[in-house]
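One letter stands for each residue in the lines below.
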Amino acid sequence: TSANVDVISPIEALGELPEVNRIGFDDLGYALKQGYADFRAMPTHAIFLGLTYAAAGLLLARIVFGGSFFTLFYPLASGFALLGPFAAIGLYELSRRREEGRDTHWLHVFDVRHSPSFKSILMLGAMLVGWFMIWIAMAHGIFSYYFGYPYQATVSEFLSEVFTTSNGHALIIVGNLVGLIFAVVAMAVSVVSFPLMLDRNVGVAAAVATSVKAVLRNPIEMLGWGLIVAVGLLVGTI
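Now for a quick tour of the structure. (Residues numbered from 1 in each chain as written. Predicted model: local features only at pLDDT ≥ 70, side-chain atom pairs only at ≥ 80, totals over all residues. Heavy atoms only, no water.)

1. Quick notes on the packing of aromatic side chains
Within this structure, the stated rule accounts for 9 aromatic pairs. Geometrically, the ring pair formed by Phe 143 and Tyr 151 is edge-to-face, given 5.1 Å between the ring centres and 85 degrees between the ring planes. In this structure, Phe 143 and Tyr 151 share a single accessibility class: buried. Ring geometry for Phe 147 and Tyr 151: centres 5.8 Å apart, planes at 80 degrees, overall edge-to-face. Side by side, Phe 147 and Tyr 151 carry an identical accessibility label, which is buried. Site record: aromatic cluster; members linked through ring pairs are Phe 143, Phe 147, Tyr 151 and Phe 158. (Phe/Tyr/Trp six-rings, centres within 6.5 Å; stacked < 30°, edge-to-face > 60°. Buried < 20%, exposed > 50% of the residue type's maximum accessible area, 1.4 Å probe, protein only.)

2. Details of the packing of helix 7 (residues 118-147) against helix 9 (residues 166-190)
Viewed as axis vectors pointing N to C, helix 7 and helix 9 meet at an angle of 170 degrees, and their least axial separation amounts to 10 Å. Between helix 7 and helix 9, the angle is such that the two are roughly antiparallel. (Axes fitted to C-alpha atoms, helices over the stretch in contact; angles between N-to-C directions. Helix = DSSP H or I, 4+ residues; strand = E, 2+ residues; numbered from the N terminus. Parallel < 35°, antiparallel > 145°, perpendicular 65-115°, else oblique.)

3. Description of the packing of helix 2 (residues 25-41) against helix 12 (residues 219-237)
Remark: helix 2 packs on helix 12, axes separated minimally by 9 Å, with the N-to-C direction vectors making an angle of 35 degrees. For the pair helix 2 and helix 12, the sense of crossing is right-handed. Of helix 12, the residues touching helix 2 (which contributes Phe 25, Leu 28, Ala 31 and Leu 32) are Ile 220, Glu 221, Gly 224, Trp 225 and Ile 228. Classifying every residue of the contact of helix 2 with helix 12 by side-chain character gives 7 nonpolar, 1 polar and 1 charged. (Left-handed = near helix turned anticlockwise from the far one by under 90°. Contact = heavy atoms within 4.5 Å. Nonpolar A, V, L, I, M, F, W, Y, C, P; charged D, E, K, R; others polar.)

This is the structure we're talking about:
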């Protein structure tokens, strides 16, 4: 329908993988400038989604500290960023519409459902959720290895043990290294996938393959982009 055409084009499925080019750090700067321009043009949209993300984090913290799961707060909070590319799909759509000179009312974030790649977007999103759950299980296993299970302590006792004991120091090092692996894999498969599926009619396999290929062809630049995102999330969280 004409409504669907307004949401995404081209409608026809791609018969081959998109070409992947080399990029430089100037391209990262260009992307940041365009993102800031989108924010200036649509500040309320970004703030609303940012508050939604913050509310989810506060709810997560309430659940964790309201029960006996405070030992998993850090892996839960840091691992939640693994879902960021999927959570930002609405912002991608608004940016795409603004680039094409179309209406950017906040209700258009729901236009993603009209995309011919919508099922693929949901599938990859579910895969990221599964990856996040595997990370939490891994983090719990690492903690149990160093501190035993079940773990009985208060929050203050837990923090003291983590920062003042050899097991705590080992937990910090091993946990963050394993978390880094999870983050790199998640970024590699999703950094290009979601925008690509939103912009073109491609399946999960093609989108992921293109994303991984882009990372492998531009490893330093993509590492820099991941660092920018990580620092941005840290500042935003503070």
